[in-house]
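Each chain, written out:
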Amino acid sequence: MSKTNATASQRDAGPMIAQGVDEEPLATNQRSPQGRLNWFVVVLCIAYTAFHVLTMNLYPLETWTYRLIHVAGGLFIGFLIYSALSLSPEAPQEKAKRSPLELGLLVVAAGGIGYGFAMIAYAWLGLWAAGIRMPDPFVFSSYGLPLVVGTAAAIAAGWLFGDRNAHRIYVADWLLGIASLAVLGYILFNVEPIRLRAGTALAQTADFYAALVGVALILELTRRVAGLALVIIAGVFIAYSFLGPWLPGFLTHRGYSPERFFTYIFTDQGILGAPIAVSSTYIILFITFAAFLQASRVGDYFVNFAFAGAGGWRGGPAKVAVFASGLMGMINGTSAGNVVATGSLTIPLMKKVGYPSRSAAAIEATASSGGQILPPIMGAGAFIMAEVTGIPYTEIVIAAIIPALLYFVSVFFMVDLQATKLGMKGLPKDELPKFTVLAKQVYLFLPIIILIYTLFSGYSVIRAGTLAMASAAVVSWFTPYKMGPIAFAKALELAAKMAIQLVAVCAAAGIIVGVIALTGVGARFSTLLLGIAEQNQLIALFFAMCISIILGMGMPTTAAYAVAAAVVAPGLVQLGIPPLVAHFFVFYYAVMSAITPPVALAAYAGAGLAGSDPMKTSVEAFKFGLAAFVVPFMFFYSHELLMQGAWYDILHVVISATVGVYLLSAAVQGYFFGKIGPILRAVLLVAALSMIDGGWLTDIVGLGVGAIVFAIQKGGLRARTVVRGSD
């Protein structure tokens, strides 16, 4: 398609509401280097992404080596991109004169990290130049303590004196990047011996120093990219490893020495375990896929297509948010990040047609969070679940279809009922893209279609993701945004920058998972859950729900599920619940922690865009997403919702559940074929909850109560008739 024809076609399509809707906004502490410094960072990012794609498809590496390079490379780039402090546009161009304390910290940091790195480099040069496998004893006996002290000084310098200019990289952050390379160099040089002795009494002091520095670097980068919540939780788990002998009840354990603990944590039982296994393969692959969609502007087409189809309906922008944000949230893997990206478009339009600010932000947060449970990508959750449980990925994706549809149908009902109750209209037709024109570009959905087809045709997830990525580049050639070498490189750069957050988060989650495995607290928690279940299984499930939500508060979805899968899911399996059901149960609540007060990251992000009260917005988001808190109990009682059973049983529970979530939505919104008061709302809520079981008797009860409320609404049944009976 020529550029002239493409431009004409775009003009015929009418106003394009979405322009760059899925572009990643800069975080408050994210740098934007200039000139040669920018080119250096860009080349690093392109190399980082290209390394993963090529290794996964063409040149496989040994597992530990690959994961270590994934983590260390992410740390190096992360410290260059993310500052320890929030950046300010008013920051002076020239750095102020350094204080004696800052100079002292930087000298200690440079000396310690420089010496540690030099010793590791000396060992590698000896290996490469002369084949020396065992360097002089002083090399590994002396590198560790200076590296630890230097890293601590660099972190402190960043906290106290970091440069707030977004175009510069603070000296201490360069040093932290070098420390990351030193940790990588030491572990790779000794990888085979460390495999055997890590976490045992044979662990050496040099191993301990490398692991200690690695943990400190991971926690510091996690603080920069994801906030303090996950760092605090990881810190509590680390402290628990040492305080176990003094704790009561099921929390007690014998305790561990620092050498044994930190060397164990830096193995495939901890940091290099399941979360990083998924991060270094599936997550970075699909983040690259999302970056290709963004570079080819296919993401804009998804949103414009949704506006063309539903923007004119009553409350149209909210319904568009449900579809578009769900689709984009499925791909990019972060609820709060997706709210910021798509909410900047959908929230103002929702307010324009009459939604209160609080509701507009809540709808966007609820839809974006729902993207994490939407197959086939599920915000990387499906891949972690497959890694943890051993259940085939395709089986997980099939099982996720009905619960995800129920969630989005419920949010759609909530949005539609609120729009009806408030008498809203859609956007004017002349402000919307033309559906007939956009329908002719439906081939832009081809990357998603190819992804789904290849996944279910027996291709590996990596091969399917790679083919989908390539197809995103190909379809761009039929649009005004044809991907050439520059756009291709830009997509690789963007993928690395998007991946850094999840690399840090998965590594931090690995620390928590490692502590759970080392101390055995997960098994003891399972025993506690079994004890509760002897009294009442429903109470045990409620308890598991609360723990999953609490563990997930303030944490990205990936980390939230990884932790919940280690702590809560084994207990549910021991209750006799099938592993697929148990893991889906905790996964849903880990995801929904993003819209659960009091720490609801997705809702808070939406409130910032809408200018509404964060706490009230989180309560509103909780109401809109209420179905997600009911659906796990539905598929616990009716495994057919996870595609388990005969087709007619599956059809029955789907119809029953759909009616149930409609009654639930009507009860929450106070509108059921007309406005209803508190009493009828409570009655409808009871009717909705009665349909959780999925049995014929409970269905009849729910439908019967709903019919009575409908009759009362339409005037066919009055209170006097209900009380005295009909003559």
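Only a predicted model underlies this, so the values are computations on that prediction, with no experimental measurement involved. In this numbering scheme, every chain counts its residues from 1 along its sequence in written order. Two thresholds apply to this predicted model, a pLDDT of at least 70 for residue-level local features and 80 or more for giving and counting side-chain atom pairs, whereas whole-chain, interface and lining totals are computed over all residues. In computing side-chain properties, one takes all heavy atoms of the structure into account and sets aside hydrogens as well as water.

J.: What exactly am I supposed to notice about the overall build of the chain here?
T.: Note on conventions: DSSP H or I runs of at least 4 residues are helices, E runs of at least 2 residues are strands, and numbering of each starts at the N terminus. Within the chain, the secondary structure is distributed over 34 helices and zero strands. Only protein chains enter the accessibility calculation, which uses a 1.4 Å probe; a residue whose area is less than 20% of its type maximum is buried, one above 50% is exposed, and one in between is partly exposed. With 727 residues in all, the chain has 58% of them scored as buried. Sequence-distant contacts, at least 24 apart, represent 79% of the contacts inside the chain between residues at least 6 apart. Every accessible area reported is derived by Shrake-Rupley at a probe size of 1.4 Å, with residue values counting cover from the shown protein chains alone. Carbon and sulfur atoms make up 67% of the accessible area of the chain, which totals about 28600 Å². The sign given to each residue is positive for Lys and Arg and negative for Asp and Glu; His and the chain ends receive no count. To locate a charge, take atom NZ for lysine, CZ for arginine, CG for aspartate or CD for glutamate. One finds the centroid of the 41 positive side-chain charges in the chain at a distance of 8 Å from the centroid of its 32 negative side-chain charges. What makes two residues a contact is simply this: any of their non-hydrogen atoms within 4.5 Å.

J.: I tried to follow the nonpolar core on my own but got confused; where do I start?
T.: Nonpolar side chains tend toward joint burial in soluble globular proteins. Within this scheme, the nonpolar core is defined by two criteria: the residues are buried Ala, Val, Leu, Ile, Met, Phe, Trp, Tyr or Cys, and they are joined through side-chain atoms within 4.5 Å. In this structure, Tyr143, Phe289, Tyr355, Leu572, Phe584 and Phe585 are the most contacted members of the largest nonpolar core, which totals 262 residues. Ranked by the residues each element gives to this core, the list is headed by helix α22 (residues 485-519), at 22 residues. For Phe585, the contacting residues outside a window of four places in its chain are Leu541, Ala544, Met545, Leu572, Pro632, Phe633 and Phe635.

J.: Please explain a nonpolar patch on the surface as it appears in this structure.
T.: Nonpolar side chains (Val, Leu, Ile, Met, Phe, Trp, Tyr) are joined into patches within 5 Å and like charges within 9 Å, using only residues with over 30% relative accessible area and no salt bridge. A pairing counts as a salt bridge when a side-chain nitrogen of Lys or Arg comes within 4 Å of a carboxyl oxygen of Asp or Glu. Taken together, the side chains of Ile398, Ile401, Leu405, Ile452, Phe456 and Met643 define a hydrophobic patch exposed on the protein surface, amounting to about 470 Å² of accessible area. For the nonpolar patch, the leading source of residues is helix α18 (residues 393-421), giving three residues. Mapped onto the fold, Ile401 is located in helix α18. The exposure class assigned to Ile401 is partly exposed, which follows from its relative accessible area of 32%.

J.: What's the story with the side chain of Thr267 in this structure? I'm lost.
T.: Locating Thr267 in the fold gives a position in the loop between α11 (258-265) and α12 (274-295). Here Tyr264 takes part through its backbone oxygen, which lies 2.6 Å from a polar atom of the side chain of Thr267. Discounting chain neighbours no more than four positions away, the residues touching Thr267 are Trp64, Ala198, Leu272 and Gly273. Under this definition, polar contacts are N or O atom pairs within 3.5 Å; protein pairs additionally need one hydrogen-donor-capable and one acceptor-capable atom, and for neighbouring residues in sequence, both atoms have to be side-chain atoms.

J.: Help me understand unusual backbone geometry, please; the structure alone is not making it clear to me.
T.: Of all residues except glycine, most have a negative phi; of all peptide bonds, most are trans. One non-glycine residue, Met643, lies in the positive phi region at around 65°. By the element assignment, Met643 lies in the loop between α30 (626-637) and α31 (647-669).

J.: I tried to follow the packing of aromatic side chains on my own but got confused; where do I start?
T.: Each aromatic ring pair is described using two quantities: the centre-to-centre distance and the angle formed by the ring planes. Stacked, tilted and edge-to-face pairs are distinguished by plane angle, under 30 degrees for stacked and over 60 for edge-to-face with tilted covering the rest, among Phe, Tyr and Trp rings (Trp via its six-membered ring) whose centres lie within 6.5 Å. As enumerated under the stated definition, the model contains 31 aromatic pairs in all. An aromatic cluster is built from Trp124, Trp128, Phe140, Tyr143, Tyr186 and Phe189, whose rings are joined through pairwise contacts.

J.: Looking at this structure, how should I read the layout of surface pockets?
T.: Rolled over the atoms, a probe sized like a water molecule indicates the empty space that remains. Note on definitions: the grid is 1 Å and covers protein atoms alone; a cavity is a set of points where a 1.4 Å probe fits but cannot get out; a pocket is an open set with protein on both sides within 12 Å along at least five of seven lines; lining residues have an atom within 4 Å of a point. Grid points are joined across faces, edges and corners, and a volume is the space filled by probe spheres set on the points. As a volume, the second largest pocket reaches approximately 640 Å³. Forming the boundary of the second largest pocket are 27 residues, of which Phe323, Gly326, Leu327, Leu374 and Leu405 lie nearest the centre. Looking at which element gives the most residues to the lining of the second largest pocket, the answer is α18, with seven residues. A class-by-class count of the residues in the lining of the second largest pocket yields 25 nonpolar, two polar and no charged. As a working rule, the residues Ala, Val, Leu, Ile, Met, Phe, Trp, Tyr, Cys and Pro are called nonpolar, Asp, Glu, Lys and Arg charged, and the rest polar, with Gly in that last group.

J.: It is not clear to me how the environment of Leu417 should be interpreted in this structure. Could you clarify?
T.: Of note, Leu417 is situated in helix α18. Judged by its relative accessible area of 5%, Leu417 is buried. Between the C-alpha atom of Leu417 and that of Ser665, which follows or precedes it by 248 residues, the distance is 7.8 Å. When residues no more than four places from it in sequence are discounted, the contact partners of Leu417 are Tyr662, Ser665, Ala666, Gln669 and Tyr671.

J.: For this particular structure, what's the right way to read the pattern of salt bridges?
T.: Pairing is possible between side chains of opposite charge, provided their charged atoms come close. Here the structure, examined in full by the defined rule, presents 13 salt bridges. Of the charged contacts in the structure, one is a salt bridge between Asp173 and Arg224, with a shortest N-O distance of 2.9 Å. Of this pair, Asp173 sits in helix α7 (residues 171-189) while Arg224 sits in helix α9 (residues 205-226), placing them 51 residues apart in sequence. By relative accessible area, Arg224 is classed as buried at 5%. A salt bridge links Glu620 to Arg358; the nearest nitrogen and oxygen atoms lie 3.8 Å apart. Of the two residues, Glu620 sits in helix α29 (residues 614-624) while Arg358 sits in helix α16 (residues 357-370), which places them 262 residues apart along the sequence. Looking at Glu620, the relative accessible area reads 8%, which means it is buried. Salt bridges sharing common partners tie together Arg31, Asp173, Glu220, Arg223 and Arg224.

J.: Just checking my understanding: could you explain the packing of α18 against helix α27 (residues 579-592) for this structure?
T.: Relative placement of two packed helices is described by the angle separating their axes and the distance separating the axes. Following both chains from N to C, one finds α18 and α27 inclined at 45°, their axes separated by 12 Å at the closest point. With respect to α27, the element α18 is oriented oblique. Once α18 is placed against α27, the crossing between them reads as right-handed. In this structure, α18 contributes Glu395, Ile396, Ala399, Ala400, Pro403, Ala404 and Tyr407 to the contact, and α27 contributes Leu580, Phe584, Tyr588 and Met592. Axis angles are defined between N-to-C directions and span 0 to 180 degrees, where every axis is a line fitted to C-alpha atoms and, for a helix, only to the segment in contact. Each angle receives one of four descriptions, namely roughly parallel if under 35 degrees, roughly antiparallel if over 145, roughly perpendicular if within 65 to 115, and oblique otherwise. In this scheme, a crossing is called left-handed if the near helix is turned counterclockwise away from the far one by less than a right angle; it is called right-handed if the turn is clockwise.

J.: Any chance you could explain the packing of helix α24 (residues 537-552) against α27 here in plain terms?
T.: Two numbers describe how α24 lies on α27: the axes approach to 8 Å, and their chain directions differ by 45°. Here α24 is positioned oblique relative to α27, judged by the angle of their axes. In this structure, α24 crosses over α27, and the sense of that crossing is right-handed. Between α24 and α27, the contacting residues are Leu541, Ala544, Met545, Ser548 and Ile549 on the first element and Phe585, Val586, Tyr589 and Ala590 on the second.

J.: Got a minute to help me understand α7 in this structure?
T.: For α7, which comprises 19 residues, the first-to-last C-alpha distance of 27 Å matches the rise-based estimate of 27 Å (1.5 Å per residue) to within 8%. Where burial is concerned, most of α7 is hidden: 15 out of the 19 residues are buried. Any helix carries an expected span of 1.5 Å times its number of residues minus one.

J.: Explain the side chain of Thr596 to me, please; I cannot follow it from the model alone.
T.: Examined against the element boundaries, Thr596 turns out to sit in the loop between α27 and α28 (601-610). Only 2.6 Å separates the side chain of Thr596 from the backbone oxygen of Met592, close enough to count as a polar contact. The residues touching Thr596, leaving out its near neighbours within four places in the chain, are Ile549, Met553 and Phe629.

J.: Explain the environment of Ser335 to me, please; I cannot follow it from the model alone.
T.: Structurally, Ser335 can be placed in helix α15 (residues 335-352). Spatially, the C-alpha atoms of Ser335 and Ser369 are 4.8 Å apart, while their sequence positions differ by 34 residues. Residues within four places of Ser335 in sequence aside, it is in contact with Ser368, Ser369, Gln372, Thr557, Ala594 and Ala602.

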